Amino acid sequence: MSARPATARPDAVDAPEAAYPLAELPLTQPLNALAIDTSSDVLGLALLREGTLAGAQYDAIGRRTTQEILPRIGGLLAAAGLSPAELDVLVVARGPGSFTGTRIGMAVALTFAQVTGCPLVGVDTLRVLAAQAEPVEGGAVPVLLNCARDEVYFARYRWQGGALARETGMALRRLESLLPELAGAPVRLRRFNPGMGTSPEQEAAFAALPSLPLRHSEPDAVRLMAVGLGRYLAEPGRDWRHVEPIYLKSEAFRTWRPAT
Amino acid sequence: MSATARRAGEAPLGLAIDTTFDDTSVALLRGRREVLANITLSQYADHAEFGGVVPERASRKHLEAIHPLIGAALREAGSPHAPLALSDVDYVAVSNLPGLLGSILVGMTVAKSLAFLLERPLIGINHIEAHPYANFLVHGDLPFPLVHLVAAGGHTVLIHQEDHFRWRIVGRSVDDAAGECVDKVAKMFGHPMPGGPVVDRLAMEHAPGPYEFPRPMLADPGLDFSFSGLKTAMLYFLRDHGLPADGSAAHGEGPSEGPVLAAFFAAVADVLVGKTLRAARRLGVPAVTVSGGLAASRKLRRRFEAACAEAGMTLYYPPPKLCTDNAAMVGCLAAYRYEAGRVDDLTLEGYPNLPM
């Protein structure tokens with residue numbers, strides 16, 4: 001099968017992709033799968049045992065993620081009577097979002113994949129947000145995820161044949177430059193660390209954005225699992241080892257120099 | 001995922017990771033000091049365009065590099081007939097302080113994941129405590145007590161060690177580390193980071209000539225250092241000689257950089273040597289070790305050798321490769337920790353600062 005690495009191509013528009021809730025997944029085999037999301041201040045974990053949801057967590061624990069993630073994964077697996085070696089698929093949120101947070105989940109997932117040889121599916125966080133929206137055939141799903149200050153991560157998806165197609169590249173945008181483009185259309189807005197460096201005017205702009213009706217209230221790890229498994233099941237034979245984080249923002253915003 | 005049974009009498013195998021600053025390093029050690037692999041990927045070139053380390057870029061590079069480096073270390077450590085596997089590893093060690101927190105978290109999360117998956121102990125290591133173990137790697141079990149000078153990137157500290165795990169910091173830089181001072185002064189002469197190697201070369205090739213720079217806090221009876229003033233002294237020196245301090249001084253008129261930088265480094269070395277021997281004498285310790293990136297300086301080593309010979313003090317020095325950040329020194333300290341049963345659990349935290 002194809003050995004194409006799943007590298008980040010934030011500027012590319014990708015093909016329609018299933019965004020099923022778990023019950024609608026075309027599970028042809030009783031998969032064991034673990035989904036990990038640390039891309040925001042929330043630690044999200046979901047575990048599938050033989051195709052059935054065996055456990056899920058979605059807790060805002062912020063900086064404690066680094067201490068709690070492995071004990072929690074261990075607890076989930078133990079409760080389901082699974083060992084890491086029995087996992088068939090790993091799903092990880094690869095950003096955009098919190099840089100350090102995303103790296104923690106990626107570091108765990110990449111190490112699991114290195115040790116167990118398990119296929120690893122990286123999922124864009126914006127797609128998980130889009131998958132929360134109520135499916136309306138032909139309906140647009142503009143997704144906004146706050147970065148720092150007045151910047152947001154943005155992409156627009158559209159429901160096509162029961163699947164979500166991304167219509168734009170994923171991009172880091174200034175909120176004020178994006179507003180005219182949205183033209184009052186309902187959006188899927190997700191904010192973590194609300195108020196982080198934003199001005200009262202920007203807070204008001206966020207508050208004024210109309211929201212899309214949602215089918216799922218949270219972009220939790222079960223949604224991540226569904227999106228990731230949908231992607232995996234569409235191409236099970238592909239080389240799933242290579243996943244890179246998506247940052248969208250240049251790393252050069254802060255330079256360490258010896259103090260002067 | 002059970003470990004392959006160790007051959008009878010074979011010492012435990014440790015995997016060590018260091019991502020505290022801008023180098024990604026992975027080592028595999030058999031026992032306390034048989035280094036089977038010690039691979040370090042330096043990011044200096046990746047940060048050169050910014051004139052300093054970009055923390056976010058360092059973190060990103062660590063995540064890109066760490067898993068391939070682990071694979072490379074396993075290949076290097078094994079033989080074609082008996083390749084090493086992760087399941088052969090008996091414990092996983094990682095530096096969890098001090099350094100850039102975002103960088104530390106990458107190595108720490110990978111180490112925790114390995115410890116969890118392999119069902120092996122996790123050992124969190126203080127990177128500064130580990131530097132002197134570069135000497136244990138090459139010189140064997142050194143007798144305690146010891147005074148260590150650690151002159152590493154962001155830290156210049158004097159450590160009094162009475163036994164493994166029993167140590168305290170008896171002196172530290174109150175402002176810049178010595179290495180930072182050398183980097184900044186080298187930059188005034190147009191030399192990119194790291195400035196240590198070029199300053200060391202000039203200090204070896206040139207006599208200080210008529211130039212004289214202050215020895216900050218050397219007259220002070222304490223054991224702390226200060227290097228910020230020495231940097232300022234160089235700025236005044238350049239100003240007084242009508243030279244720019246923007247990196248073009250090396251090519252201007254007036255004093256040539258060789259003797260000036262030799263004189264400057266003589267001041268740095270005098271302070272480091274003087275304070276280290278003072279600490280040893282005051283604490284009644286007969287032997288000192290030197291480690292950290294600046295220990296790779298040949299000039300500094302010569303000064304230490306001469307001073308220790310004169311003072312009747314035993315001196316331990318690691319080879320240059322083990323002076324700069326490397327995971328082998330982390331693995332060496334971790335081997336002693338593993339033997340002593342001093343291990344951590346998966347809730348280990350990372351810290352940017354060195355505790356007092």
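Residues numbered from 1 in each chain as written. Chains lettered and ligands numbered in written order. Predicted model: local features only at pLDDT ≥ 70, side-chain atom pairs only at ≥ 80, totals over all residues. Heavy atoms only, no water.

The next thing to look at is the overall build of chain A. Of the regular secondary structure elements, chain A holds 6 helices and 11 strands. Expressed as a percentage of its 260 residues, the buried residues of chain A come to 56%. Summarising the internal contacts of chain A: among those between residues at least 6 apart in sequence, 70% fall at separations of at least 24. For chain A, the computed accessible surface area is about 10,400 Å², with 52% contributed by carbon and sulfur atoms. (Helix = DSSP H or I, 4+ residues; strand = E, 2+ residues; numbered from the N terminus. Buried < 20%, exposed > 50% of the residue type's maximum accessible area, 1.4 Å probe, protein only. Contact = heavy atoms within 4.5 Å. Areas by Shrake-Rupley, 256 points an atom, 1.4 Å probe, with all protein chains shown as cover.)

To continue, consider helix 11 (residues 327-339) of chain B. All names here are of chain B. Here helix 11 spans 18 Å end to end across 13 residues, near enough to the 18 Å set by a 1.5 Å rise per residue. The buried count for helix 11 comes to 11 of 13 residues, which makes it a mostly enclosed element. By the burial criterion, the buried members of helix 11 are Ala 327, Ala 328, Met 329, Val 330, Gly 331, Cys 332, Leu 333, Ala 334, Ala 335, Tyr 336 and Arg 337. Phi for Gly 341, located one or two positions after helix 11, is positive at around 75°. (Expected span 1.5 Å × (residues − 1).)

Interface size is commonly expressed as the accessible surface area that is lost when the partners come together. Counting from both sides, the interface comprises 38 residues of chain B and, opposite them, 36 residues of chain A. Interface area, chain B with chain A, both sides summed: about 3,300 Å², of which 69% is carbon and sulfur. Three residues, B:Arg60, B:Leu63 and B:Phe116, lead the burial of chain B against chain A; their summed loss comes to 19% of the area buried on that side. The tally of links from chain B across to chain A stands at 1 salt bridge. Across the pair A:Arg103 and B:Glu56 runs a salt bridge whose closest N-O atoms are separated by 2.9 Å. Contributing elements (two or more residues each) for the side of chain B that touches chain A: helix 2 (55-77), helix 3 (101-118) and helix 6 (178-188) of chain B. Looking at the side of chain B that touches chain A element by element, the count peaks at 11 residues for helix 3 of chain B. When its residues are assigned to classes, the side of chain B that touches chain A shows 20 nonpolar, 8 polar and 10 charged. (Buried area = accessible area lost by both parts, 1.4 Å probe. Salt bridge = Lys/Arg side-chain N within 4 Å of Asp/Glu carboxyl O. Nonpolar A, V, L, I, M, F, W, Y, C, P; charged D, E, K, R; others polar.)

The next subject is the packing of aromatic side chains. In the structure shown here, the tally under the stated rule is 12 aromatic pairs over all chains. Ring geometry for A:Phe112 against B:Phe116: centres 6.0 Å apart, planes inclined by 25°, an arrangement best described as stacked. Here A:Phe112, found in helix 2 (residues 99-116), pairs with B:Phe116, found in helix 3, and the two come from separate chains. Owing to a relative accessible area of 0%, A:Phe112 belongs among the buried residues under this scheme. B:Phe116 sits in the buried class, given a relative accessible area of 16%. Among the aromatic residues, ring-to-ring pairing joins B:Tyr133, B:Phe136, B:Phe144 and B:Tyr336 into one connected group. The aromatic ring of A:Trp240 is capped on one face by A:Arg238, whose charged end is 4.3 Å from the ring centroid. Looking at B:Arg60, its charged tip hangs above the ring of A:Phe99, at a distance of 4.8 Å from the centre. (Phe/Tyr/Trp six-rings, centres within 6.5 Å; stacked < 30°, edge-to-face > 60°. Lys NZ or Arg CZ within 6 Å of the ring centre and 35° of its normal.)

As a further point, take the sheet that holds strand 2 (residues 33-37) of chain A. Residues and elements named next belong to chain A. Pairing in this open sheet of 5 strands is mixed, and the strands run 4-3-2-5-6 from one edge to the other. Across the chains shown, the open sheet's two edge strands, defined by having one partner strand only, are strand 4 (52-60) and strand 6 (120-123). Strand after strand, the sheet turns through a mean of 10° between neighbouring axes, direction not considered. Inspection of the sheet shows strand 2 paired to strand 5 (residues 89-93) by 4 bridges, in the parallel sense. Counted as the bridge partner of Leu 34 is Leu 90 from strand 5. The sheet strands contacting helix 2 are strand 2, strand 5 and strand 6, and the helix crosses strand 5 at an angle near 165°. (Pairing = 2+ DSSP bridges. Axes fitted to C-alpha atoms, helices over the stretch in contact; angles between N-to-C directions.)

Turning to the packing of helix 1 (residues 65-79) of chain A against helix 2 of chain A, a few remarks are in order. Residues and elements named next belong to chain A. Between helix 1 and helix 2, whose axes approach to 10 Å, the crossing angle comes to 35°. When you trace helix 1 past helix 2, the crossing you get is right-handed. Residues Thr 65, Thr 66, Ile 69, Leu 70 and Ile 73 of helix 1 pack against Ile 104, Val 108 and Phe 112 of helix 2. The class makeup of the residues in the contact of helix 1 with helix 2 is 6 nonpolar, 2 polar and no charged. (Left-handed = near helix turned anticlockwise from the far one by under 90°.)

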